[in-house]
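Okay, here's what each chain looks like letter by letter:
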Amino acid sequence: MQFTQSESINVLIKQLDERIRTLIPGVQSMDRPGYRSTSYFLSKGMKNEVCYILCYDQKANLGFTSGVRLIRHFPFLKGTGKTHRHVPIHDDLLKESTPLNALILKAFEGDDATHRIL
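Predicted model only: the values in this text are computed from it and were never measured.

A count of helical and extended segments in the protein gives 4 helices and 5 strands. Considering only intrachain contacts with a sequence separation of at least 6, the fraction spanning at least 24 residues in the protein is 45%. In the structure as shown, the protein presents an accessible area of about 6,800 Å², 51% of it carried by carbon and sulfur atoms.

Below is the structure:
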């Protein structure tokens, strides 16, 4: 799938995909070409989506469906919707691996674990 018109962003998306798959053994994904996105989940079904990569022409975001629960611990998340939050995908995001890895791991802990830490 051609993610964006920017080859440098496409490379970062592939690196991020590899990181998610490395951090979360058994993660499943589903490409959604009509939305130019890839969804990640542990149990089959879109209602179990934990995070996603959403692509635009010249940029992409790593989004979290329950990101509002993560904002307290990860204040760099952006967005103002009821639940979803995201981070723009760029070189610095992938270089600063510790916060990104912690965010991905926390998102996949599930609702119960997220509620306990808040």
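Moving on, we come to the environment of H73. Along the polypeptide, H73 turns up in the loop between strand 4 (60–64) and strand 5 (85–88). With a relative accessible area of 38%, H73 lands in the partly exposed category. A C-alpha to C-alpha distance of 9.5 Å links H73 and K106, two positions 33 residues apart in sequence.

Turning our attention to the side chain of S39. Topologically, S39 is positioned in strand 2 (residues 37–41). Relative accessible area serves as the criterion here: at 0%, S39 is assigned to the buried category. Within the structure, the side chain of S39 is placed 2.4 Å from the side chain of E49, a separation counted as a polar contact.

Two elements in contact, helix 1 (residues 7–23) and helix 3 (residues 97–107), have axes separated by 10 Å at closest approach and are oriented at 60°. Comparing the axis directions of helix 1 and helix 3 gives the class oblique. Helix 1 and helix 3 meet at a crossing whose hand is right-handed. On helix 3, the residues touching L16, R19, I20 and L23 of helix 1 are S97, L100, N101, I104 and L105.

What counts, and where the lines are drawn
Residues numbered from 1 in each chain as written. Predicted model: local features only at pLDDT ≥ 70, side-chain atom pairs only at ≥ 80, totals over all residues. Heavy atoms only, no water. Helix = DSSP H or I, 4+ residues; strand = E, 2+ residues; numbered from the N terminus. Contact = heavy atoms within 4.5 Å. Areas by Shrake-Rupley, 256 points an atom, 1.4 Å probe, with all protein chains shown as cover. Buried < 20%, exposed > 50% of the residue type's maximum accessible area, 1.4 Å probe, protein only. Polar contact = N/O pair within 3.5 Å; in protein donor to acceptor, adjacent residues only side chain to side chain. Axes fitted to C-alpha atoms, helices over the stretch in contact; angles between N-to-C directions. Parallel < 35°, antiparallel > 145°, perpendicular 65-115°, else oblique. Left-handed = near helix turned anticlockwise from the far one by under 90°.

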